[in-house]
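The primary structure of each chain is shown beneath.
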Amino acid sequence: YTGAPTDEAALRELAGLGIPLVGMTRGAGGAIALHRGEWLHARAPAVEVVDTTGAGDVFHAGYAHALLAGHAPQRCLAFACAAAALKCRAAGGRAGIVADPTEIERAMVTTGQT
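First, a word on what this report is: a plain description of the structure on this page.

### Considering the packing of helix α3 (residues 73-87) against helix α4 (residues 101-110)
Think of two packed helices as two axes; the pair is described by the angle between the axes and how far apart they sit.
Consideration 1: The N-to-C vectors of α3 and α4 enclose an angle of 105°; their axes lie 9 Å apart at closest approach. Looking at the two axes, α3 sits roughly perpendicular to α4. Counted together, R75, A78, F79, A82, A83 and L86 of α3 and P101, E103, I104, E105, A107 and M108 of α4 form the full contact between these two elements.
Consideration 2: When grouped by side-chain class, the residues that make up the contact of α3 with α4 number nine nonpolar, no polar and three charged.

Structure below.
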């Protein structure tokens, strides 16, 4: 969208449009975000990836869940990464979706992000 040479430069450019929170996923590399000038990073738990179909949707749902639960952006990002990673353990867009937040939180602990 921006044509910026790096992910970070692209997020800075988007934030410059007045958007308070911008971010992007990086697959096994987790996700980064820029929230009101503060850089956030969340690692993805190491899982045996079978299929990434639907991982982006699960990431967004996980972020929304954590946000609606009242968590800060860093925790929302970590929760979303964990939810998306756990989904990737099964084939298909719906198989592997974890509906139990405590299982997702346990996955966050394995990455050192709680």
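Read on for the rest.
### Some words on helix α2 (residues 55-68)
Consideration 1: Between its terminal C-alpha atoms α2 stretches 20 Å, which fits the 20 Å expected from 14 residues at 1.5 Å a residue.
Consideration 2: Within α2, the full set of buried residues consists of A55, V58, F59, G62, Y63 and A66. One face of α2 carries all of its buried residues, which in axial projection span an arc of 135°. With respect to the buried face of α2, the exposed residues turned more than 90 degrees away are D57, H60 and L68.
Consideration 3: Residues of α2 that are buried in the fold lie against β1 (21-25), β2 (31-35) and α3.
Consideration 4: Count one or two residues on from α2 and you reach G70, which has phi positive near 90°.

### A word on the sheet that holds β2
Consideration 1: Spatially, β1-β2-β3 is the arrangement adopted by the three strands of the open sheet, whose pairing is antiparallel. The open sheet has two edge strands, β1 and β3 (38-42), and neither has a second partner. If you compare each strand with its neighbour and ignore which way they point, the axes differ by 15° on average.
Consideration 2: By the bridge criterion, five bridges tie β1 to β2 in an arrangement that is antiparallel. Counted as the bridge partner of T25 is A31 from β2.
Consideration 3: Contacting β1, β2 and β3, helix α1 (residues 7-15) runs over the sheet at an angle of about 30° to β2.

### So, unusual backbone geometry
Consideration 1: The backbone of R36 sits at a positive phi, close to 50°, despite the residue not being glycine.
Consideration 2: Relative to the helices and strands, R36 resides in the loop between β2 and β3.
Consideration 3: The exposure class of R36 is exposed, given its relative accessible area of 65%.

What counts, and at which threshold
Residues numbered from 1 in each chain as written. Predicted model: local features only at pLDDT ≥ 70, side-chain atom pairs only at ≥ 80, totals over all residues. Heavy atoms only, no water. Axes fitted to C-alpha atoms, helices over the stretch in contact; angles between N-to-C directions. Helix = DSSP H or I, 4+ residues; strand = E, 2+ residues; numbered from the N terminus. Parallel < 35°, antiparallel > 145°, perpendicular 65-115°, else oblique. Contact = heavy atoms within 4.5 Å. Nonpolar A, V, L, I, M, F, W, Y, C, P; charged D, E, K, R; others polar. Expected span 1.5 Å × (residues − 1). Buried < 20%, exposed > 50% of the residue type's maximum accessible area, 1.4 Å probe, protein only. Arc of directions from axis to C-beta. Pairing = 2+ DSSP bridges.

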